Amino acid sequence: MPEPAADTDGSALRRLRALVGSREFRFLVVGGFNTVFGLFLFVAFHALLGDQVPYLVVLLASYAVGIVVAFTTQRLFVFRVEGQVAKDLARFVLVQLTALGTNAVLLTLLVEVVGAPVVLAQVIALGVIVVGTYFGHLFFSFHRHQEAA
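Small disclaimer: the values here were computed from a predicted structure and weren't measured.

A.B. asks: For this particular structure, what's the right way to read the packing of aromatic side chains?
C.D. replies: What describes a pair of aromatic rings is the distance from one ring centre to the other and the angle between the planes of the rings. For the coordinates displayed, the defined rule picks out nine aromatic pairs. Aromatic side chains Y134 and F135 sit 5.2 Å apart centroid to centroid with 75° between the ring planes, which places their arrangement in the edge-to-face category. Seen from their ring centres, F135 and F139 are 6.3 Å apart, and the 5° between their planes marks the pair as stacked. Of this pair, F135 and F139 both sit in helix α5 (residues 118-141), separated by four residues, roughly a single helical turn. A residue is classified by how much of its surface remains accessible, and F135, at 44% relative accessible area, is partly exposed. When its relative accessible area of 57% is taken as the criterion, F139 is described as exposed. Connected via pairs of aromatic rings, a cluster forms that spans F27, F71, F79, F92, Y134, F135, F139 and F142. Above the ring of F140, the side-chain terminus of R91 is found at 4.8 Å from the ring centroid.

A.B. asks: What is the right way to look at the packing of helix α4 (residues 85-114) against α5 in this model?
C.D. replies: A packed helix pair is summarised by two numbers, namely the angle formed by the two axes and the spacing between the axes. In the contact formed by α4 and α5, the axes pass within 9 Å of each other and the chain directions differ by 155°. The angle between α4 and α5 falls in the class roughly antiparallel. The interaxial crossing formed by α4 with α5 has right-handed handedness.

A.B. asks: Can you walk me through the side chain of T133 in this structure?
C.D. replies: Within the secondary structure, T133 is located in helix α5. Not counting the four nearest positions on each side in its chain, T133 is found in contact with F27, V95, Q96 and A99.

A.B. asks: Help me understand the nonpolar core in this model?
C.D. replies: The nonpolar side chains of a soluble globular protein tend to be buried with one another. Judged by nonpolar contacts, the single largest core of 14 residues is most densely connected at F42, L59, Y63, L107, V111 and A121. In this structure F42 touches Y55, V58, L59, S62, L107, V118, V119 and Q122, once residues within four positions along its chain are discounted. Judged by nonpolar contacts, the second largest core, of twelve residues, contains F27, F79, V81 and L138.

A.B. asks: What am I meant to see in the side chain of D88 here?
C.D. replies: Here D88 lies in helix α4. Not counting the four nearest positions on each side in its chain, D88 is found in contact with F71, R75, V81, G83, S141, F142 and R144.

A.B. asks: I keep staring at the pattern of salt bridges and nothing clicks. Help me out?
C.D. replies: Side-chain pairs of opposite charge can arise whenever the charged atoms involved come near each other. With the rule as written, the count across this model stands at two salt bridges. With its nearest N and O atoms 2.3 Å apart, the salt bridge here joins R75 to D88. Linking R75 in helix α3 (residues 55-78) with D88 in helix α4, this pair joins segments that are 13 residues apart in sequence. D88 shares its class with R75; the two are buried. Put simply, R144 and D88 hold a salt bridge, and the shortest N to O gap is 2.8 Å. Of the two residues, R144 is situated in the segment after α5 and D88 in helix α4; the sequence distance between them amounts to 56 residues. With relative accessibility at 0%, the residue D88 sits in the buried group. In the salt-bridge network here, residues are joined through shared partners; they are R75, D88 and R144.

Thresholds applied
Residues numbered from 1 in each chain as written. Predicted model: local features only at pLDDT ≥ 70, side-chain atom pairs only at ≥ 80, totals over all residues. Heavy atoms only, no water. Phe/Tyr/Trp six-rings, centres within 6.5 Å; stacked < 30°, edge-to-face > 60°. Helix = DSSP H or I, 4+ residues; strand = E, 2+ residues; numbered from the N terminus. Buried < 20%, exposed > 50% of the residue type's maximum accessible area, 1.4 Å probe, protein only. Lys NZ or Arg CZ within 6 Å of the ring centre and 35° of its normal. Axes fitted to C-alpha atoms, helices over the stretch in contact; angles between N-to-C directions. Parallel < 35°, antiparallel > 145°, perpendicular 65-115°, else oblique. Left-handed = near helix turned anticlockwise from the far one by under 90°. Contact = heavy atoms within 4.5 Å. Core = buried A, V, L, I, M, F, W, Y, C linked by side-chain atoms within 4.5 Å. Salt bridge = Lys/Arg side-chain N within 4 Å of Asp/Glu carboxyl O.

If you want it as C-alpha cells, here you go:
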C-alpha cells in the first residue's frame, strides 16, 4: 500500500486555517453557543415557571434574553460588521421574530399533535430554526451592499 504524500508546501494547514477563519465556521461555533445558551434559558425558565405559565411564554422569555447575547456575538464574531448598529439591531430582531413565530408553530405542533415532550420538541424545532436564521442574518440583518468597483 503506497504511503500518502507528505504535505511539504503546507497546503493542508492553509486549508484548515481558511476553514476555521470562514464565516460559516464562525457561525457554527457562535451559533452553536447561542443555540445551547438559548436552550439552557428555555430549560431553566421551563423548570422554574413551567407549572405557572404556558410553554410558549417560556419560549418568549428565553428569546427575549437570548436575543441580546445572540446579536452581540454574531455582530462581533460572525459577521464582523461596523456602523449602523440600530439598523442591524432592527433587522436582527425582525429575523429573530420570524424565527420565534416559526419556533412557536413547530413547538406547538410537536407538543400538541405529535405528543413530544416540551424540551425535546424545542431541541427539534431549534434544528430547523438555526439554518433559517443564518441565511436571514447573512442576507438581511448584517448585509452590506458592495460598492461598485
